[in-house]
Amino acid sequence: MPFRKISRDVKLAAAKLHEQNILSLEQILDCVGFSESTFWRMIKLWRETGDVVRHNYGTPGRPRTLTFDDVNYLLRLVKHRPDWFLDELPILLSENRFISIHYTTIYRELSRAGISRKKLKKIAKERNE
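Description of the structure in this document. (Residues numbered from 1 in each chain as written. Predicted model: local features only at pLDDT ≥ 70, side-chain atom pairs only at ≥ 80, totals over all residues. Heavy atoms only, no water.)

## So, the overall build of the chain
- For the chain, the helix and strand inventory stands at 7 helices and 0 strands.
- Whereas a compact globule of 129 residues would reach a radius of gyration of roughly 14 Å, the chain reaches 27 Å, over 25% beyond that.
- Along the longest, intermediate and shortest principal axes, the C-alpha atoms of the chain span 80 × 30 × 20 Å.
- For the chain, the residues scored as buried account for 32% of the 129 residues in total.
- When contacts within the chain are restricted to residue pairs at least 6 apart in sequence, those whose partners lie at least 24 apart make up 52%.
- With an accessible surface of roughly 10000 Å², the chain has 53% of that area assigned to carbon and sulfur atoms.
- Side chains of the chain carry 24 positive and 16 negative charges; the gap between the two charge centres is 5 Å. (Helix = DSSP H or I, 4+ residues; strand = E, 2+ residues; numbered from the N terminus. Rg over C-alpha atoms; globule rule 2.2 N^0.38 Å. Buried < 20%, exposed > 50% of the residue type's maximum accessible area, 1.4 Å probe, protein only. Contact = heavy atoms within 4.5 Å. Areas by Shrake-Rupley, 256 points an atom, 1.4 Å probe, with all protein chains shown as cover. Lys, Arg positive; Asp, Glu negative; His and termini not counted. Charge placed at Lys NZ, Arg CZ, Asp CG, Glu CD.)

Given below as structure tokens:
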């Protein structure tokens with residue numbers, strides 16, 4: 001059977017029906033409509049954690065190198081002097097914020113913040129006028 005999301009309520013009802021011996025396993029599986037292996041996996045999770053679904057806490061992937069304050073500092077630097085090159089910004093961050101990062105990380109963080117090369121050129125051009 002292909003992957004499909006089974007609601008927490010259905011899983012919880014099946015677990016309680018099984019624990020209280022209200023219905024047989026065949027009747028429970030017929031009612032809820034999932035396989036026996038899914039049922040036993042869900043029961044194992046129920047016994048280990050007390051819940052029938054897995055909870056993913058936190059953000060997936062690697063933690064960010066720069067904190068929110070570091071990114072704000074970087075944005076202030078760029079707004080103050082948009083004519084700085086990307087290879088100059090890591091030096092400023094290491095001297096002022098004690099963070100050692102690569103310039104590609106700075107480029108990615110600036111991109112996430114909505115700052116592009118085009119915007120930097122526009123800000124620099126406005127400053128020269």
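## Some points on the environment of Val-53
- Mapped onto the secondary structure, Val-53 falls in the loop between helix H3 (36-49) and helix H4 (68-80).
- When its relative accessible area of 18% is taken as the criterion, Val-53 is described as buried.

## Topic: the pattern of salt bridges
- Inspection of the entire model under this criterion finds 4 salt bridges.
- For the salt bridge of Asp-70 with Arg-97, the shortest nitrogen-to-oxygen distance reads 2.9 Å. One end of the pair, Asp-70, is in helix H4; the other, Arg-97, is in the loop between helix H5 (89-96) and helix H6 (103-112), with 27 residues separating them in the sequence.
- Arg-97 gets classed as partly exposed once you look at its relative accessible area, which sits at 29%. (Salt bridge = Lys/Arg side-chain N within 4 Å of Asp/Glu carboxyl O.)

## As for the side chain of Asp-51
- Mapping Asp-51 onto the fold places it in the loop between H3 and H4.
- You can call Asp-51 buried: its relative accessible area is 12%.
- Within the structure, the side chain of Asp-51 is placed 3.1 Å from the side chain of Arg-8, a separation counted as a polar contact.
- Within the structure, Asp-51 has its side chain in polar contact with the side chain of His-55 (distance 2.7 Å).
- For Asp-51, the residues in contact, after removing those within four places along its chain, are Arg-8, Leu-45 and Trp-46. (Polar contact = N/O pair within 3.5 Å; in protein donor to acceptor, adjacent residues only side chain to side chain.)

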